[in-house]
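Overview (structure and organization)
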Amino acid sequence: MEEPVRQTFWNVPHWAEIAQYAGGGLAVIIFLYGLWRHIKRWKSGRSEKLEGTFGHRLTLLVKYGLFQGRLSNDAQSLLMHLFIFWGMAVLALATAIATVDWDVAHLLFDYQFLKGNFYLVYELGADLFGLFLVIGLCIAVIRRYIQRPEKLATENPPTFKIDSGALLLMLLGIAITGFIVEALRLASMKPDWAEWAFIGYALSGLFGAMSIDSIEASHFVFWSAHAVLSFVFIAAIPYSKAFHMVSSAVSVYTGNNIPPGRVSEDNEEGVVGITDFTWRQLIQFDGCTWCGRCQDVCPAHAAGWRLSPKNVVLKLNAESGRSAGSSKPENKSDNGGTPEGLGDVVSAEELWGCTTCAACENECPVFIQQPRALIDMRRHLVIEGELGDTLGEVLMKITRYGNSFGQSDRARSKWTQGLDFKLKDARKEAVEYLWFVGDYASYDARVQEVSRAVARLFHAAGLDFGILNESEKGTGNDIRRVGEEGLFDMLREKNLKALSKAKYKKIVTTDPHTYNALKNDYARDMDGVEVVHYTEVLEQLVSERKLEPSRPLNAKVTFHDPCYLGRYNGVYASPRKVLRALGAEVAEMPRTREHSFCCGAGGGRIWMEDSPDTKERPADSRIREAAAVSGVQVLAVACPKDLVMFQDAAKTTGFEDKIAVKDIAQLFLETLNQEVKDEQ
Amino acid sequence: MNIIVLMKMVPDVVEPLEIAEDGKNLDKEAIRMMASESSEHALEQALILKDSVGAEVTVAAIEAPELDDALFSASAKGAVRVIKITPEQDGLRADISASVLKEFIKQECGSPGSDTLIFTGSQAIDDLQGELGPTLAEQLGLPFIGVVTSIKPVEGEEGKVTAIKEYSGGLRGEYEVALPAVVGIQAAEQPSRYVPFAKIRAAMKSGSIESTEITPEVEGRGVEIARMYVPEVTGRAEMIEGDPETVAARLIEIFKQNGILG
């Protein structure tokens, strides 16, 4: 058998070979020009420090870039995307190898490495990955044009409207012409190793009846088409959605892989014009793949409100492109100019729809921080006073009284009056656990009951704990996410002052929102004090046998992961362990743990009116989901806002008789001996 | 247009009210003070005019605890000048307050011109009769209109405004008012705007509160407070608890006791 060897440019006249290099060069120049424009656009953003090490980023890039790790919960799209990406990657590599083999090794050194067994494996591999590419593209076509999930519809394409369709066609064209070229070559040359290129070989049978002349003529036509399509594709990359190959990779690389929900630290005034976002944020917008996974999990979108995180990102990216493309001198707000506002790009209604639940950010395959961008824009609305009446009223109350209920701050610990023991005042005596109670747990009548339950549990376990009484103010977790950074700062200062005067070892909170603020937003001023959620303390008390449930619940319970406890801070195990220790059977809802579905209260939404065209309120949707879990009697919660939202939702949806909404502390109290319960 | 908003500080009833030892006043140490709600509306209405037709808004108030916060907030919202009138006053005599404010207006504008509007709150929780506005107008010799919910300049006529006054039973009256005039604002055309805390803080930093001293001249005898006290409990509501049948049984019992049922 003659040694198999690659004959790149077989049947290609010399002028065409030169033309190919010229075309390729032109494509690369067009590509580079487009790339440069994107980079220029990114650089127009504000500065932001990159966190994390190079090694860590590289790991991110491999796991989430090359292997698209975030798609792992959607097998179809993972497979589709891996096939297309790796198909194209391997074929591009194969083309590069063939070119080097022919026009470097062979031309300059009269040596070829694409020969023998290596070449056979090369042919096999190229055909295999070409097949993957075609399969991937077929899945994509089926998804986009037959299944047509809502999330793939794109209202505001930042590039051209038929982008996705055009790209799919182009790639299919490249793959098919590639196979035909190979088949024609094999049909003419008839090498005895032809089976290795199994697809080209199978197709070559189709041309068996043709004369060598017409095979060669057709080959040249298809070869030219293949080359032209490939170059058009390369040139089109920076001007189409295909650019996400670059921008998504950069977005993943610059993504800090921190828990979702981080807000901008040093931009109190918020974002006025597009270039007030940081360069990292502009890269994120540019990195959007239009996949719509964020929109699919967004409670605001599900409720039928105007917000879709995907559309916001795409609109911002389009705006970023427009602003970079305009010949007007750059005018950033911080150097005196008046940038064009984003009011026409993203409406106030969209911005106020966000619950900051961070489901979108958690779902995004390319690490876009949607809530952060929305909060940046909200900050500007707050400065401009463009907030609804109800929100403005609540913020005024918080400014004056330090709580969103507009009640006297002196009444903050009034809820303790129903207890037959006195809580320690952590301002006056040292305690191990400082209990930061939070607004809802202090002032809402329904939640006060839960607070008393927690106090009884802690007391029964002999926990050394105390509260700050009226020195505690709302932590401002949601004030910050509403975009009222100045008020948040004021609350933080007051609380830090109160904390600095108290003596304690750890902080325990009943409210996940409070927990998040203290743990993350206050972190740099907290000297590394440990902040724990009461379910974590209960778990510990149970494991130390300081609290022993004596009358097991014997109920089937499902647990709602609060956004600010789960997604934001990764606490999933403790509440479930406690529930199990109580003798409950814990059944999971379909949307659980990091895929938990927000109750709709976060990010200040609890202080705003729902839009009149609401299809289904997030809390209603969630209670339906809980009630649909077979045999579940109780929806257990571990967040004061959840208790309020879901108890209301149970009433309005008529599920009140079917499912009880209870806090874990209340359930716990039910399992204890009568003495503890009656201790009132 | 030149608008002077005279704000009034009142006890914050969200906080528990305590009576001072003399039994004739509130315990100033124990209570908090805040701008009266209708004062806030007066300021808002002035700011609405500022935004719509252009007006210079000056805010002034007689010294009281926490007045600075209210003035800084007004300044952050867009008042060009904020002025504190010292000293603090005791008692609840609107006529004395009015005479101090009259002196203040004279000091500020001599005799107010035809581009000047003086806003007060229509009422306050410690001035339910709304005496302050009319008394001040009388002392200044200016026209007064109260319980106003909307005000705008008459187009094409300098020195005139149209004011809408609310009557009970859903009636509204439209008045043409020649300036200068004193107007008691009941409610602004829209709820008070929210001013971001960063702006209040900026106003605090610039420390722009002006201060002027006007000693009240107490003339004549006003109404004196004989005793101030927390209302005595005269009757208690009974909460009926239990399942619907128990509740129904108890209701029937009560109806029978009261002769509603035989």
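Look a little higher up for the structure.
What you are looking at is a predicted structure, and each value in this text was computed from that prediction instead of being measured.

1. Observations regarding the environment of Asp74(A)
All names here are of chain A. Along the chain, the position of Asp74 falls in the loop between α2 (54–66) and α3 (75–109). Its 16 C-beta neighbours within 10 Å are what place Asp74 among the partly exposed residues. Sequence-wise, Asp74 and Ile162 are 88 residues apart; in three dimensions their C-alpha atoms are separated by 25 Å.

2. Remarks on the pairing of strand β4 (residues 56–62) of chain B
Residues and elements named next belong to chain B. Summarising burial for β4: six of the seven residues are buried, a large majority. Sheet topology places strand β1 (residues 2–7) next to β4; six bridges connect them, and they run parallel. Looking at β4, one finds that Asn2 is bridged to Glu56. With five bridges connecting them, β4 and strand β5 (residues 81–86) associate as parallel partners. For Ala61, the partnering residue across the bridge sits in β5 and is Lys84. Handedness of the crossover is the feature at issue here: the chain leaves β4, passes through helix α2 (residues 67–77), returns alongside β5, and the resulting connection is right-handed.

3. Here's the deal with the interface of chain A and chain B
Opposite the 20 residues of chain A that make contact, chain B presents 11 residues. Secondary structure elements with two or more residues in the side of chain A that touches chain B: α15 (370–383), α16 (389–401) and α20 (485–501) of chain A. With six residues, the top contributor of residues to the side of chain A that touches chain B is α16(A).

4. Focus: the environment of Ile48(B)
All names here are of chain B. Inspection of the secondary structure puts Ile48 in helix α1 (residues 37–53). By C-beta crowding, Ile48 is classed as partly exposed, having 18 other C-beta atoms within 10 Å. A C-alpha to C-alpha distance of 9.8 Å links Ile48 and Arg193, two positions 145 residues apart in sequence.

5. Notes on the pairing of strand β9 (residues 172–178) of chain B
Residue and element names in this part refer to chain B. Here strand β8 (residues 160–166) runs beside β9; their pairing, made up of seven bridges, is antiparallel. The residue bridging Thr162 from the neighbouring strand is Glu176, located in β9. Between β8 and β9, which pair antiparallel in sequence order, lie five residues; one of them, Gly169, sits at a positive phi of approximately 75°.

Parameters and conventions
- Residues numbered from 1 in each chain as written.
- Chains lettered and ligands numbered in written order.
- Predicted model: local features only at pLDDT ≥ 70, side-chain atom pairs only at ≥ 80, totals over all residues.
- Helix = DSSP H or I, 4+ residues; strand = E, 2+ residues; numbered from the N terminus.
- Buried ≥ 20, exposed ≤ 12 C-beta atoms within 10 Å, placed from the backbone.
- Pairing = 2+ DSSP bridges.
- Right-handed = clockwise from strand over helix to strand, strands pointing away.
- Contact = placed C-beta atoms within 7 Å.

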